Amino acid sequence: MPGPDRNLQSVNLDAGWAPESWRARPSTQLPAYPDARALQETLAELRALPPLVTSWEILALKQRLAEAQDGRRFLLQGGDCAENFGDCSPDVISNRLKVLLQMSLVLVHGLHLPVVRVGRFAGQYAKPRSLDTETVDGTTLPSYRGDIVNAPEFDARARTPDPQRMIRAHARSAMTMNFVRALIDGGFADLHHPEYWNLDWVGHSPLADEYRRMVVGIGDAVRFMETLSGNAVNNLDRVDFYTSHEALLLPYEEAQTRQVPRQWGWFNLGTHFPWVGMRTAAADGAHVEYLRGIRNPVALKVGPSVAPEQLLRLVDVLNPDDEAGRLTLIHRMGATQVANKLPPLLDALRRDGRRVLWVCDPMHGNTEVTSNGYKTRRFANIRSELEQAFELHAAAGTRLGGVHLELTGEDVTECTGGARALTDADLARAYRSTVDPRLNYEQALEIAMLIVRKQAQ
Ligand code: PEP
Ligand code: MN
């Protein structure tokens, strides 16, 4: 077929790919469902439900990510490590949205660039685990793999994978999405009213003055432009928000994989922007096989064990035609390893002339357990990895085009440090995550301010 899309068509319509072709590949991290028939019935039900997103939105996001690759946008991707069913509530959702909007305001103002906002939500219900089972007092049960698979309580019933949980996860994703869309369409994200996004910390944080000055400055600029033009400045009352999650539970992802009228190929319509995690990133494995065939923009987590040749192979598999906006690489090396591990990867891709969007996840390489038994991350290490990442990209002639963060709009104490200098002893006060520790609203804002300062240097 002639036309501008001809080359792109070959990208993902590789011989042998189908929504279920991952099933023939070696896989890890997938639960063993005890009742195969119940699983099949649930998947049939899921396949028949309406999609959560549209192909138009997916292609629009791909375009924005292509602009971020070219240095014309910055990607802000963030949310919980894992959503859980109990937190599908108006406060949790709107507070998370508020902190992401506040962060994007800081970034837009400081970087002078439009920001692409992508939530780690509306589907982030599956978790990779280091061990398949957990043993307590001599009893061994399957590990908790996220609310889409089983429940965290340590008893046999709770830990048995239940396919019906996929239906509940899908419904909660739809509710989350619906609420976020309604808030944004109703004017919640209006730049004329950043006070809508105020969270408790704005009243008493050491960062509050800097944030307030920025808000006043932006308000003045908006009014000035409107006075000049005699019109409302276009689009300030609207922002776009996209969703993402780890494409881990492949039977669920397969059921969201659809064809769309007047579009070629296949889309995952359960999220705009799926990624493959570090533990499932084998080039010939099931997860990469699934991701390579869909037309969504996709991301890959890159950890310290990935060698340059391995990464080049993954890039070839996931983006053989070097399509703009298609592939994001999220590096997560840890503050102590990033200076050694990242530059060879940056050099290899640059030498090969490959087009990717580089993003830093300064969370997952910096997880540790305190002496009192809490999984935490130290703000100083998160900050250090991020600052080093900006410097390493600058030195390599590549561009760090975004950040990927685990954060919440709640006042939790899960990561230590930050403007309020939380200590290990503070963790007990408000530790709520069942998986990884998140930045609280104030620490998240501090990261946004830090990015701006770093880029201004
Ligand atoms: C995560 O993003 O929650 C995660 C498990 O990351 P990674 O695959 O990078 O370890
Ligand atoms: Mn995590």
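Residues numbered from 1 in each chain as written. Chains lettered and ligands numbered in written order. Predicted model: local features only at pLDDT ≥ 70, side-chain atom pairs only at ≥ 80, totals over all residues.

1. Notes on the pairing of strand β1 (residues 74–79)
Each regular strand shows side chains that alternate between the opposite faces of the sheet.
Part 1 of the reasoning: Counting buried residues along β1, 6 of its 6 residues qualify, which places the element largely inside the surrounding structure.
Part 2 of the reasoning: Pairing between β1 and strand β2 (residues 115–119): 5 bridges, direction parallel. The residue of β2 that forms the bridge with Phe-74 is Val-115.
Part 3 of the reasoning: With helix α4 (residues 90–111) bridging β1 and its parallel neighbour β2, the resulting β-α-β unit is right-handed.
Part 4 of the reasoning: Bridge count for β1 against strand β14 (residues 400–406) is 5 bridges, and the pairing is parallel. Residue pairing in the sheet places Gly-79 in a bridge with Glu-406 of β14. (Buried ≥ 20, exposed ≤ 12 C-beta atoms within 10 Å, placed from the backbone. Helix = DSSP H or I, 4+ residues; strand = E, 2+ residues; numbered from the N terminus. Pairing = 2+ DSSP bridges. Right-handed = clockwise from strand over helix to strand, strands pointing away.)

2. Some remarks on the UniProt feature "binding site: phosphoenolpyruvate" (unreviewed entry) in the protein
Part 1 of the reasoning: Residues given the UniProt feature "binding site: phosphoenolpyruvate" (unreviewed entry) here are Arg-120, Lys-301 and Arg-332.
Part 2 of the reasoning: Mapped onto the elements, Arg-120 comes out in the loop between β2 and β3 (133–136).
Part 3 of the reasoning: Judged by C-beta crowding, with 25 C-beta atoms within 10 Å, Arg-120 ranks as buried.
Part 4 of the reasoning: Filtering out sequence-adjacent residues up to four positions away, Arg-120 remains in contact with Gln-77, Gly-78, Gly-79, Asp-80, Ser-244 and His-245.
Part 5 of the reasoning: Taking the number of C-beta atoms within 10 Å as the measure of exposure, Arg-332 has 24 and is therefore buried.
Part 6 of the reasoning: Apart from residues no more than four positions distant in its own chain, Arg-332 is found in contact with Met-278, Lys-301, Gly-303, Asp-361, His-364 and Gly-365. (UniProt positions renumbered as here; feature names shortened; annotations may be inferred. Contact = placed C-beta atoms within 7 Å.)

3. Focus on the packing of helix α13 (residues 379–396) against helix α14 (residues 441–456)
Part 1 of the reasoning: Packing of α13 against α14 leaves a shortest axis separation of 11 Å and a crossing angle of 25°. Here α13 lies roughly parallel to α14, going by the angle between them. Crossing of α13 over α14 shows right-handed handedness. Residue-level contacts link Phe-379, Arg-383, Leu-386, Glu-387 and Phe-390 of α13 to Gln-443, Leu-450 and Lys-454 of α14.
Part 2 of the reasoning: Split into classes, the residues belonging to the contact of α13 with α14 amount to 4 nonpolar, 1 polar and 3 charged. (Axes fitted to C-alpha atoms, helices over the stretch in contact; angles between N-to-C directions. Parallel < 35°, antiparallel > 145°, perpendicular 65-115°, else oblique. Left-handed = near helix turned anticlockwise from the far one by under 90°. Nonpolar A, V, L, I, M, F, W, Y, C, P; charged D, E, K, R; others polar.)

4. A word on the sheet that holds strand β11 (residues 357–360)
Part 1 of the reasoning: Pairing within the closed barrel is parallel, and its 8 strands lie in the order β1-β2-β5-β8-β9-β10-β11-β14. Strand after strand, the sheet turns through a mean of 25° between neighbouring axes, direction not considered.
Part 2 of the reasoning: As defined by bridge partners, β11 adjoins β14 across 2 bridges and the pair is classed as parallel. Note that in β14 the partner of Trp-358 across the bridge is Leu-400.

5. Let's talk about α14
Part 1 of the reasoning: Over its 16 residues, α14 extends 23 Å from the first C-alpha to the last, a length consistent with the 22 Å expected when each residue adds 1.5 Å.
Part 2 of the reasoning: Taken residue by residue, α14 has Tyr-441, Glu-442, Gln-443, Ala-444, Leu-445, Glu-446, Ile-447, Ala-448 and Ile-451 as its buried positions. (Expected span 1.5 Å × (residues − 1).)

6. Let's talk about the environment of Glu-406
Part 1 of the reasoning: Tracing the backbone shows Glu-406 in strand β14.
Part 2 of the reasoning: Accessibility expressed as a C-beta count within 10 Å gives 27 for Glu-406, which makes it buried.
Part 3 of the reasoning: Sequence separation between Glu-406 and Pro-362 is 44 residues; the distance between their C-alpha atoms is 9.2 Å.
Part 4 of the reasoning: With near-sequence residues (within four places) excluded, Glu-406 lies in contact with Asp-80, Cys-81, Met-363, Asp-436, Arg-438 and Leu-439.

7. Remarks on the UniProt feature "binding site: Mn(2+)" (unreviewed entry) in the protein
Part 1 of the reasoning: Per the UniProt record, the feature "binding site: Mn(2+)" (unreviewed entry) sits at Cys-81, His-364, Glu-406 and Asp-436. The greatest C-alpha distance among the residues just named is 9.9 Å, despite their covering 356 residues of sequence, which places them together in space.
Part 2 of the reasoning: Those residues in contact with Cys-81 that lie beyond four places of it in its chain are Glu-406, Ser-433, Val-435, Asp-436 and Arg-438.

8. What to know about unusual backbone geometry
Part 1 of the reasoning: The phi dihedral of Asp-137 falls on the positive side, at around 50°, and the residue is not glycine.
Part 2 of the reasoning: Inspection of the secondary structure assignment puts Asp-137 in the loop between β3 and β4 (139–142).
Part 3 of the reasoning: By the C-beta count within 10 Å, which is 5 here, Asp-137 ends up exposed.
Part 4 of the reasoning: We note that Ala-421 has phi near 50°; this positive angle belongs to a residue other than glycine.
Part 5 of the reasoning: Position of Ala-421 relative to the elements: it lies in the loop between β14 and α14.
Part 6 of the reasoning: Among the residues examined, Ala-421 registers 10 C-beta atoms within 10 Å and is labelled exposed.

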